[in-house]
Amino acid sequence: MIKGVNHIGVAVRSLQERVPLYRALGLEVAAGEEVPSEMVRVAFFSAGGTRIELLEPTAPDSPIAKFIAARGEGLHHICLEVDDIRATMAELAGQGFRLVSEEPKPGAQGSQVCFIHPKSAGGVLIELCQGGE
Ligand code: ZN
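The rules behind each value
- Residues numbered from 1 in each chain as written.
- Predicted model: local features only at pLDDT ≥ 70, side-chain atom pairs only at ≥ 80, totals over all residues.
- Heavy atoms only, no water.
- Helix = DSSP H or I, 4+ residues; strand = E, 2+ residues; numbered from the N terminus.
- Buried < 20%, exposed > 50% of the residue type's maximum accessible area, 1.4 Å probe, protein only.
- Contact = heavy atoms within 4.5 Å.
- Areas by Shrake-Rupley, 256 points an atom, 1.4 Å probe, with all protein chains shown as cover.
- Lys, Arg positive; Asp, Glu negative; His and termini not counted.
- Charge placed at Lys NZ, Arg CZ, Asp CG, Glu CD.
- Donors = N, O, S within 2.8 Å, 3.2 Å for Na, K, Ca; no water.
- Tetrahedral: all angles 85-135°; square planar, octahedral: opposite > 155°, others 65-115°.
- 1 Å grid on protein atoms, 1.4 Å probe; cavity = no way out; pocket = protein on both sides within 12 Å on 5 of 7 lines; lining within 4 Å.
- Points joined across faces, edges and corners; volume = space filled by probe spheres on them.
- Nonpolar A, V, L, I, M, F, W, Y, C, P; charged D, E, K, R; others polar.

So, on to the overall build of the protein chain. Scanning the protein chain for helices and strands turns up three helices and eight strands. For the C-alpha atoms alone, the extent of the protein chain along its principal axes is close to 45 × 30 × 25 Å. Counting over 133 residues, the protein chain shows a buried share of 41%. Of the contacts formed within the protein chain by residues at least 6 apart in sequence, a portion of 54% connects residues at least 24 apart. Just so you have it, the protein chain exposes about 7100 Å², and 54% of that area is on carbon and sulfur atoms. Averaging the coordinates of the 12 positive side-chain charges in the protein chain and doing the same for the 17 negative ones gives two points 6 Å apart.

Below is the structure:
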């Protein structure tokens, strides 16, 4: 059911400021876009078999803005790619995981996404995604 780690999400104050840092590490930007449902602008870097997603808030009440205000920039979430997000959500909810939304939401690159609350996942914010680029 889990196909792999689709990407690792990193919260940043400014893409303009941080993209050069990841380029200096030898990574190339593969894609970038704004995701209105999450109030973020993102940049994806290819990193071997997975990707790194930098997330910059586009509004002060964006979840990423709140995260940065509370904890500073840094690792934000792990995204697991699944075959069938609705079936996975139902199964995980049945096991007692707390899902942040009851329905999948539109994510980056045409994907459908849902987050598992870190309080029910050992302190790690886990994103599930299906489809997309
Ligand atoms: Zn993500």
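In this section: the coordination of the zinc ion. The expected angle between donors at a tetrahedral four-coordinate metal is 109.5 degrees. At an octahedral six-coordinate metal it is 90 or 180 degrees. Listed as protein donors to the zinc ion are His7 (NE2), Glu53 (OE), His77 (NE2) and Glu127 (OE); their distances from the metal cover 2.1 to 2.2 Å. Taken together, the four donor atoms coordinating the zinc ion and their angles of 86 to 176 degrees define a geometry best described as irregular. Counting residues between consecutive donors of the zinc ion along the chain gives the motif H-x45-E-x23-H-x49-E. On the criterion of sequence distance, the pair formed by His7 in strand E1 (residues 2-11) and His77 in strand E5 (residues 74-82) is long-range, its members being 70 residues apart. In this structure, His7 and His77 share a single accessibility class: buried.

Moving on, we come to the layout of surface pockets. The calculated volume of the largest pocket comes to roughly 750 Å³. What lines the largest pocket is a set of 43 residues, and nearest its centre among them are Ile64, His76, His77, Phe115 and Leu125. Broken down by secondary-structure element, the contributors of at least two residues to the lining of the largest pocket are E1, strand E3 (40-47), strand E4 (50-57), helix H2 (63-71), E5, strand E6 (105-106), strand E7 (112-116) and strand E8 (126-130). With five residues, H2 is the largest single contributor of residues to the lining of the largest pocket. Tallied by class, residues from the lining of the largest pocket come to 21 nonpolar, 14 polar and eight charged.

This paragraph deals with the environment of Leu15. Relative to the elements of secondary structure, Leu15 occurs in helix H1 (residues 15-24). Exposure remark for Leu15: the relative accessible area of 11% places this residue in the buried category. Sequence separation between Leu15 and Glu102 is 87 residues, and the spatial gap between their C-alpha atoms is 30 Å.

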